[in-house]
Amino acid sequence: MAKIAVLVGATGLIGGHLLNLLVESPHYDQVYVLGRRAPASSHPKIHFIRSDFSPLHLTHEIPDHVRDVFCCLGTTIKKAGSQAAFRQVDYQFPIDIAKAAKAKGAHHFLIVTAMGAKANSSIFYNKVKGEVEQAIGKLDFPRYSIFRPSLLMGEREEQRTAEDIGKALAPLMKFLLRGPLKKYQPIAGLQVAQAMYQKAQEAGEGKNIILNDQMV
């Protein structure tokens, strides 16, 4: 039976790959894309809704009978401009989206956080990622899945210096980070997208945490 999916973050590295997988999939007949900018991809399945992610608007923007909600939102403190702005994108927006989706009967919420996500971390980035994981868990979705990638590899619209350095060192890192250290290997955005898509097609209930080495 075909399903309805909602994708947030479709113009990002992971979200762009995931959108392609969703529209090519026989398991989805409609893909609602919420965002501030329309995705580059065009397909009859895609319904783009320009959104500012406000709770009031999300109530109307997320369709009834949605099955799976994929959240690939993410920024950097440098791009956001402040810790408060970063927290809005990486914490508040996902929580507001999840609440609206839960109210519409969504069964499965899938979100990308990061390796090292921990609510009590002394590192602000990891702390916010951990807090959003905790908050999603309290919403009582029948099923929710958390994906924790390491350094992401792939072509982005904007330049990220740390990732550019990581790309240059990727072959060496993959050679050195083996065995118990494999979980720290860089990962392609496509691999994360594929892991999200595959997890959505599996049966099951409850909480899933998918670590970097599982996706690699």
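It should be noted that the structure appears before, not after, this text.
Residues numbered from 1 in each chain as written. Predicted model: local features only at pLDDT ≥ 70, side-chain atom pairs only at ≥ 80, totals over all residues. Heavy atoms only, no water.

Asker: Tell me what's going on with the environment of Ile-146, and back it up with residues and numbers.
Answerer: With respect to the element layout, Ile-146 can be found in strand S6 (residues 143–148). Expressed as a C-alpha distance, the spacing of Ile-146 and Ala-114, which sit 32 residues apart in the sequence, is 9.0 Å. With near-sequence residues (within four places) excluded, Ile-146 lies in contact with Ile-111, Thr-113, Glu-133, Lys-207, Asn-208, Ile-209 and Ile-210. (Helix = DSSP H or I, 4+ residues; strand = E, 2+ residues; numbered from the N terminus. Contact = heavy atoms within 4.5 Å.)

Asker: Go over the sheet that holds strand S9 (residues 206–211), please, and point to the residues and values.
Answerer: In space, the seven strands of this open sheet follow the order S3-S2-S1-S4-S5-S6-S9, with parallel pairing throughout. A single partner strand is all that each edge strand has here, and the edge strands are strand S3 (46–50) and S9. Here the strands of the sheet are splayed against their neighbours by 15° on average, with no regard to which way each runs. Helix-sheet contacts for helix H7 (residues 189–201) involve strand S1 (3–8), strand S2 (28–35), strand S4 (68–71), strand S5 (108–112), S6 and S9, and the interaxial angle to S5 is about 165°. (Pairing = 2+ DSSP bridges. Axes fitted to C-alpha atoms, helices over the stretch in contact; angles between N-to-C directions.)

Asker: Account for the packing of helix H1 (residues 13–24) against H7, naming residues and giving values.
Answerer: Relative orientation of the contacting elements H1 and H7 amounts to 50°, with a least axis distance of 8 Å. The angle between the axes of H1 and H7 places the two elements in the oblique class. Handedness of the crossing formed by H1 with H7: right-handed. Where H1 abuts H7, its residues Leu-13, Ile-14, His-17, Leu-18, Leu-21 and Leu-22 lie against Gly-189, Leu-190, Val-192, Ala-193, Gln-194, Met-196 and Tyr-197. Looking at side-chain class alone, the contact of H1 with H7 contains ten nonpolar, three polar and no charged residues. (Parallel < 35°, antiparallel > 145°, perpendicular 65-115°, else oblique. Left-handed = near helix turned anticlockwise from the far one by under 90°. Nonpolar A, V, L, I, M, F, W, Y, C, P; charged D, E, K, R; others polar.)

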